[in-house]
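Now for the letters of each chain:
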Amino acid sequence: MGPTAPRKRPTIRDVAAAAGVSRGTVSRVINGGHWVSPDSLAAVQEAIRTTGYSANQHARSLVTGRSNSVAFLLTEPQHLLFEDPNFSILLRGAARALAARSMPLLLMVAGTPDEQKQVLSYVGAGHVDGVLAISSHSGNRLLDALVRQGIPMISCGVPLGFEGSLGYVSADDLGGGRRMTRHLLDLGRTRIATITGPLDTPGGRLRLAGYRDELGPLYDESLVAHADYSRDGGAAAMRTLLDRRPDLDAVFVGSDLMAAGALQVLREADRRVPHDVAVGGFDDSGLAATLDPPLTTMRQPLERIAVEMVRLLVELIEGGEPAAVTLPTSLVVRASTAPS
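The shown structure was predicted, so the numbers you read here are calculated from the model rather than taken from an experiment.

(A) Up close: the side chain of glutamine 300. Structurally, glutamine 300 can be placed in the loop between β10 (296-299) and α13 (302-317). A polar side-chain atom of glutamine 300 sits 2.7 Å from a polar atom in the side chain of aspartate 283. Contacts of glutamine 300, omitting those with residues within four sequence positions, involve Asn86, Ala171, Arg207, Phe282, Asp283 and Ile305.

(B) Region of the structure containing the sheet that holds strand β11 (residues 324-327). Taken together, six strands build an open sheet; the order of strands is β2-β1-β3-β4-β5-β11 and the sheet is parallel. At either margin of the open sheet sits one strand with a lone partner, and together these are β2 (105-109) and β11. For this sheet, the mean angle separating the axes of adjacent strands, direction not counted, is 15 degrees. Both strand β1 (residues 70-74) and β2 contribute to a ladder of five bridges, which runs parallel. What sits directly across from leucine 73, in β2, is methionine 108. Across the sheet, helix α7 (residues 113-124) lies against β1, β2 and β3 (130-134), angled at about 150 degrees from β2, the strand it touches most. Seen against the sheet, helix α8 (residues 141-148) touches β1, β3 and β4 (153-156) and runs at an angle of roughly 150 degrees to β4.

(C) Summary view of the sheet that holds strand β8 (residues 250-253). The sheet built from six strands is open, its strands ordered β7-β6-β8-β9-β10-β12 with mixed pairing. If you trace the sheet from one side to the other, it starts and ends with β7 (224-226) and β12 (330-332), each paired once. Adjacent strand axes in the sheet meet at a mean angle of 20 degrees, parallel and antiparallel pairs treated alike. In terms of strand pairing, strand β6 (residues 192-196) meets β7 through three bridges, oriented parallel. Residue pairing in the sheet places threonine 196 in a bridge with histidine 226 of β7. Those strands touched by helix α11 (residues 231-244) are β6, β7 and β8, and its axis lies near 150 degrees from that of β6. Seen against the sheet, helix α12 (residues 256-268) touches β6, β8, β9 (278-283) and β10 and runs at an angle of roughly 160 degrees to β9.

(D) Structural detail: the environment of isoleucine 134. Of note, isoleucine 134 is situated in strand β3. Taking C-alpha positions, isoleucine 134 is 21 Å from alanine 288, a pair spaced 154 residues apart along the chain. Aside from chain neighbours lying at most four places away, what touches isoleucine 134 is Phe72, Leu73, Leu74, Thr75, Phe87, Leu90, Cys156 and Met309.

(E) Here's a closer look at the pairing of β1. With five of five residues buried, β1 is to be regarded as a mostly interior element. Covered by surrounding structure in β1 are Val70, Phe72 and Leu74 together with Ala71 and Leu73, the residues of both alternating faces. Note that β1 and β3 share five bridges and pair parallel. Residue pairing across strands places alanine 71 opposite valine 131, the latter belonging to β3.

(F) View of α8. By the burial criterion, the buried members of α8 are Leu142, Leu143, Ala145 and Leu146. Looking straight down α8, one finds its buried side chains confined to an arc of 165 degrees; they lie on one side. Along α8, the residues that are exposed and aim more than 90 degrees away from the buried face are Arg141 and Arg148. In this fold, the buried residues of α8 make contact with β1, α7, β3 and β4. Trailing α8 by a residue or two, glycine 150 shows a phi angle of about 75 degrees, which is positive.

(G) Layout of the packing of aromatic side chains. If you walk through the whole model with that rule in mind, you get two aromatic pairs. Taken together, a centroid distance of 6.0 Å and an interplanar angle of 75 degrees make the contact between tyrosine 211 and tyrosine 219 edge-to-face. In this structure, tyrosine 211 and tyrosine 219 share a single accessibility class: buried. We note arginine 207 situated over the ring of phenylalanine 282; from NZ or CZ to the ring centre the distance is 3.9 Å.

(H) Quick peek at the side chain of aspartate 283. As for its placement among the helices and strands, aspartate 283 is situated in strand β9. Notably, aspartate 283 is buried but unbridged: the nearest opposite-charge side chain belongs to arginine 207, and the N-O separation is 4.2 Å.

(I) Highlighting the nonpolar core. Counting 43 residues, the largest nonpolar core has Ile195, Tyr211, Met238, Val251 and Val279 as its most contacted members. Where this core is concerned, the elements lending two or more residues are α9 (173-186), β6, α10 (202-215), β7, α11, β8, α12 and β9. Here tyrosine 211 is in contact with Gly177, Arg178, Thr181, Ile192, Ala193, Thr194, Tyr219, Leu223, Val224 and Phe252, once residues within four sequence places are set aside. Ranked by size, the runner-up nonpolar core spans 31 residues in total, among them Ala94, Met103, Ile134 and Ile305.

(J) How the structure looks around the pairing of β3. For β3, a buried count of five out of five residues is recorded, marking the element as mostly surrounded by other parts of the structure. Side chains Gly130, Leu132 and Ile134 project from β3 onto one buried face, and the interleaved Val131 and Ala133 project onto a second face that is buried too. Judged from the three bridges that link them, β3 and β4 form a sheet pairing that is parallel. Within β4, the position partnered with valine 131 by the bridge is methionine 153.

(K) Representation of the pattern of salt bridges. In the structure shown here, the tally under the stated rule is 17 salt bridges. Residue arginine 245 pairs with aspartate 220 through a salt bridge whose shortest N-O separation is 2.9 Å. Highlighted residues: arginine 245 in the loop between α11 and β8 and aspartate 220 in the loop between α10 and β7, separated in sequence by 25 residues. Residue arginine 245 is classed as buried on the basis of its relative accessible area, which comes to 15%. A salt bridge links arginine 299 to aspartate 284, with the shortest nitrogen-to-oxygen separation between them at 2.7 Å. In this pair, arginine 299 sits in strand β10 while aspartate 284 sits in the loop between β9 and β10, placing the two residues 15 residues apart along the sequence. Under the relative-accessibility criterion, aspartate 284 is labelled buried at 13%. One salt-bridge network, in which partners are shared between bridges, spans Arg191, Asp220, Arg245, Asp247 and Asp249.

Conventions used here
- Residues numbered from 1 in each chain as written.
- Predicted model: local features only at pLDDT ≥ 70, side-chain atom pairs only at ≥ 80, totals over all residues.
- Heavy atoms only, no water.
- Helix = DSSP H or I, 4+ residues; strand = E, 2+ residues; numbered from the N terminus.
- Polar contact = N/O pair within 3.5 Å; in protein donor to acceptor, adjacent residues only side chain to side chain.
- Contact = heavy atoms within 4.5 Å.
- Pairing = 2+ DSSP bridges.
- Axes fitted to C-alpha atoms, helices over the stretch in contact; angles between N-to-C directions.
- Buried < 20%, exposed > 50% of the residue type's maximum accessible area, 1.4 Å probe, protein only.
- Arc of directions from axis to C-beta.
- Phe/Tyr/Trp six-rings, centres within 6.5 Å; stacked < 30°, edge-to-face > 60°.
- Lys NZ or Arg CZ within 6 Å of the ring centre and 35° of its normal.
- Lys, Arg positive; Asp, Glu negative; His and termini not counted.
- Salt bridge = Lys/Arg side-chain N within 4 Å of Asp/Glu carboxyl O.
- Core = buried A, V, L, I, M, F, W, Y, C linked by side-chain atoms within 4.5 Å.

Interpretation note: all reported values are geometric properties and have no functional meaning in isolation.
So this is what it looks like as structure tokens:
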């Protein structure tokens, strides 16, 4: 017995015949359903289901001028994609939201100048319809080039330097910084240090501003150290603070990953947490609850941020105006700030 011939892929003609409508009506349904009666729309959708038809995306792209895909653009070194749990949560949330719209998500990492050139060439050639910009830094030339080319784009966090031209979805970094600092003050701590993220990122800048605002006249520059959102960076900053201010009794760390490094250094220095030093973080992406001791932190609604970014980007791709959404953070208290 010879091999079975491959099953022929259903066509628009097959769908039209099954639905009892013209091929033009099927085409209009596939491309958005405009100018199609409810009865015809229902008939075509049922025919698509029963015939197993799926649109030829390449052919549709030639007609619409769209790729029907979106880029998830991370402008950080590649290792942070795997080290920082925030990025995987955002990636998963965006992929799920786009899958519901039958839009593939393309992951692009542009942490080096060569990678940025490749991304600009690829995106500029129209291979994606829009960009979800993750962890953008102020002065980023890639972001500037994409904006100048008119690429639809939504930023995760306030896009420093592009606040008037780019839409974004952000957690309330300023309010979160204030809330964590207030929590440490309410514990009776009086020498509260902070480890910030990079000051060319919205989280680094705004969380520090919230800390400074809440301390008011108690703010002391010697209690501030800067890092890079990595575990090693948090550890190095904690060593700097202990050398400079061995009398500190609390530290607000600008991310849970940096806090993991800070906790390790405090343990090595025989500083008990929270008895000697209370520690608070920012993110609550899953890592915080696994640390020793479990970390008090500010929870960012990361999955909702991803969903909102996709919604705003799709609106932009379809001709809408840029929009901005700021979502609240919430304090999650764990053992690292338990009352002494």
